[in-house]
Amino acid sequence: MRVSNVTVRKRLVIIFLAGLVVFASFIGRLAYVQFFQGDWLYEKARDSWSRNIPYQGERGKIVDRRGIVLADNRSAPSVVIVPKQVKNPAEEARKLASVLNMREKKVYEKLTKKASTVELRPEGKKISDKKADQISEMRLPGVYIAEDYRRNYPFGRFLSHVLGFAGIDNQGLVGLEKQYDDLLKGTKGFLAFYSDARGERMPFLSDEYTPPKSGMNLQLTINAKIQAILERELNDAEVKYDPDQAMAIAVNPNTGEILGMASRPNFNPEHYQDVPTEVYNRNLPIWSTYEPGSTFKIITLSAALNEGLVNLKKDNFHDPGYIEVAGTKLHCWKRGGHGSETFLEVVQNSCNPGFVALGEKLGKKKLFSYIHAFGFGKKTGIDLQGEGKGILFKPENIGPLELATTAFGQGVSVTPIQQVMAVSAAINGGFLYEPYIAKGWIDPVTGTVIARQAPTMKRRVISGETSKKVRHALESVVAKGTGRAAYHEGWRIGGKTGTAQKAKNGRYLENNYILSFIGFAPADDPQIVVYLAIDNAKDAPQFGGQVAAPIAGDIIADSLRVMGVPKRKNGLEKERKWNDPRIVKVPDLVGLSKKDIRSSLFSGLKIEAEGNGKVVIAQSPQAGAKLEEGSTIRIYLGDKIEKED
């Protein structure tokens, strides 16, 4: 059948129009890709060509309150492989294995792996500069040295539980390193180059360098000098008493700032793999919970004074050596008891029956309301991980016996940090603060302080007048009571001893105690609170007053010297016992001649001389100081005494 010309023309027009539409769609799509997706597609292509050599950002430093560096970084380069650029994997594997002490087979597998970049882990991660130089000098195709860092703790075990440590990838794992990892860790940078499918570098695309950014520097509330005192005393205690554990905390009671914190056993953060996990996972001052013993009596005392239930000097108590509660005899530590005593003497003598009487005056509702108000039974909120909250009796389970034992620190479980903050509130005017250890954040480039932590006051627990009475009572404990071993002339130390029997599986252990002391100074204006505990001291008297008190007293006195706090002259005099060393007042030797010194007898004191002169021009300690008999005075000899202008 013959088709008309008109039909043919129509069909040709339709085909032409259809072709035109298809062609227009191609043109439109090409224009869309070119003008709207061009940049995106180009970047995708560049990404497929690019090979990134990482440059690790430097982790922020950790410094004490005065800027002493406690954690910083050491250069520790890492080896990165671009497998497609490797020319001779067998030869390169042999050379790399010899430097990195790796098996050749393992290196070969890395060199031939189907990936854009490969790390040689762990042998090629954070290597020494010497090894990095050796590898660089080999000029092995496809082998690169990437900038990296290893965390450095210049003082070793110093403050180890607080600082914690960072892992091989510079991530914080424990302690402050983990707590503030997001701010401490830096941002990675890259050296990007471009290569084709065969791994050959593209000459028409230049390398691009994105610099890494360092993390923020963290300044702590820690005073490194006070921390060194804590570390020294715990080291000595380990040698002398071989305890299962030991711990110490120092706090500014007026702010909640942690001035020092230490635990034993401890560890070197750079070699944390060498100790069991429980050693570095347990920061004892915030983690451990146990019966506090007599240090808890400070809470009962504060509550009774604040409620006006007792006059320490006028009210009396008779202690026959025990008190009977609900058919159970609760004994005093002193066989036969203390007899008739004022309640101030109850505090000085750490008399359990006397504190049971105070607890009964308060009643369970009031006593436990104060216990909760002082922060027990919940976490303090310190900015460290792993804090415990302790255990208190449930209200429905508190009977007369539970009330009585709680009053003298038995049957409840608390943490050391809870005790420190509660006692701080008892002696600072009545204010409970939240403890903290991060003081501020510093820009690593400019040194500018970016953020500063301010003290957080939770609530007022007791009145200022009550706090003053508590301070006086606790100073008398050190001057005249069970804490006399913590006494230091002129420093006006107050505190309380603790001897807590340890429990296991619901039963108390035999001859296994936590011996503790919590103290503060100066008593008229407290600047520091120190808690010290020795867990299971071997071959030692099992009394906190004999083991823990002298150590804590030394910590407090030395810390006050470091802080520049002057001595006081109006404190309580230490009550001397028959077996105490005799105290001698230092004479004024300045101006005396050597002949005068030799011909005079200075009762009970030794003299050491320095210098070649004939006259005493200075002495240490100064005249008027009080020393134990047998102590040494150092004199300095010269030709004449220099007069002050």
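Per chain, residues are indexed from 1 in the order of the written sequence. The predicted origin of the model limits local features to residues at a pLDDT of at least 70 and limits the giving and counting of side-chain atom pairs to 80 or more, whereas totals for whole chains, interfaces and linings rest on all residues. Water and hydrogen atoms play no part in the side-chain values, which are based on all heavy atoms of the structure.

Our next topic: the sheet that holds strand β7 (residues 149-152). Should DSSP find at least two bridges between two strands, the strands are taken to pair. Counting from the N terminus, the helices are DSSP H or I runs at least four residues long and the strands are E runs at least two residues long. Ordered by their spatial adjacency, six strands build an open sheet running β7-β3-β2-β12-β20-β21, and the pairing between neighbours is mixed. Edge positions in the sheet fall to β7 and β21 (449-452), since each has one partner strand and no second. One ladder, built from two bridges, connects strand β2 (residues 62-63) with strand β12 (residues 217-220); its direction is parallel. Bridging from a neighbouring strand, Val63 pairs with Gln219 of β12.

So, about the packing of aromatic side chains. Aromatic pairs are defined between Phe, Tyr and Trp rings, using the six-membered ring for Trp, whenever the two ring centres lie within 6.5 Å; interplanar angles under 30 degrees are classed as stacked, those over 60 as edge-to-face, and all others as tilted. Across all of its chains, the model carries ten aromatic pairs by this definition. A centroid spacing of 3.8 Å and a plane angle of 5° characterise the contact between Phe165 and Tyr272, whose relative ring orientation is stacked. Placement of the pair is Phe165 in strand β8 (residues 165-166) and Tyr272 in the loop between β14 (258-264) and α10 (277-281), with a sequence separation of 107 residues. Per residue, the accessibility class of Phe165 equals that of Tyr272, and both read buried. Here Trp333 and Phe543 contribute two aromatic rings whose centre-to-centre distance is 6.3 Å and whose plane-to-plane angle is 70°, an arrangement assigned as edge-to-face. Of this pair, Trp333 sits in the loop between β17 (328-331) and β18 (339-342) while Phe543 sits in the loop between β25 (528-535) and α18 (544-563), and the two are 210 residues apart along the sequence. Following the ring pairs from residue to residue traces out a cluster consisting of Phe165, Phe267, Tyr272 and Tyr280. Whether a charge sits over a ring comes down to the Lys NZ or Arg CZ being within 6 Å of the ring centre and within 35 degrees of the ring normal. Looking at Lys329, its charged tip hangs above the ring of Tyr322, at a distance of 4.4 Å from the centre. For every residue, the accessible area obtained with a 1.4 Å probe (protein chains only) is divided by the maximum for its type, and the residue is called buried under 20%, exposed over 50%, and partly exposed between those limits.

Inter-axis angles, ranging from 0 to 180 degrees, are taken between N-to-C directions of lines fitted to C-alpha atoms, where helices are fitted over the stretch in contact. As a packed pair, helix α3 (residues 89-100) and helix α5 (residues 129-138) sit with axes 10 Å apart at the nearest point and diverge in direction by 165°. Viewed along their axes, α3 and α5 adopt a mutual orientation that is roughly antiparallel. Considering how the two elements wind past one another, α3 and α5 form a crossing that is right-handed. Along the contact surface, α3 presents Lys95, Leu96, Val99 and Leu100, while α5 presents Lys131, Gln134, Ile135 and Met138. Three classes are used, and their members are as follows: Ala, Val, Leu, Ile, Met, Phe, Trp, Tyr, Cys and Pro are nonpolar, Asp, Glu, Lys and Arg are charged, and the others, Gly among them, are polar. The class makeup of the residues in the contact of α3 with α5 is five nonpolar, one polar and two charged. Throughout this description, any angle smaller than 35 degrees is read as roughly parallel, any larger than 145 degrees as roughly antiparallel, any in the 65 to 115 degree range as roughly perpendicular, and the remainder as oblique. Each crossing gets its handedness from the near helix: less than a right angle anticlockwise from the far helix is left-handed, clockwise is right-handed. By definition in these notes, contact holds between two residues if any of their heavy atoms fall within 4.5 Å.

Take unusual backbone geometry next. Geometrically, the link from Ala521 to Pro522 is a cis peptide bond, its omega value of -15° lying close to zero. Considering the arrangement of structural elements, one finds Pro522 in the loop between β24 (507-521) and β25. Ser620 connects to Pro621 through a cis peptide bond whose omega is 0°. By the secondary structure assignment, Pro621 is in the loop between β28 (615-620) and β29 (626-628). Here Ser350, not a glycine, exhibits a phi torsion of approximately 50°, which is positive. Inspection of the secondary structure assignment puts Ser350 in the loop between α13 (343-349) and α14 (352-373). Taking relative accessible area as the criterion, Ser350 reaches 4% and is therefore assigned buried.

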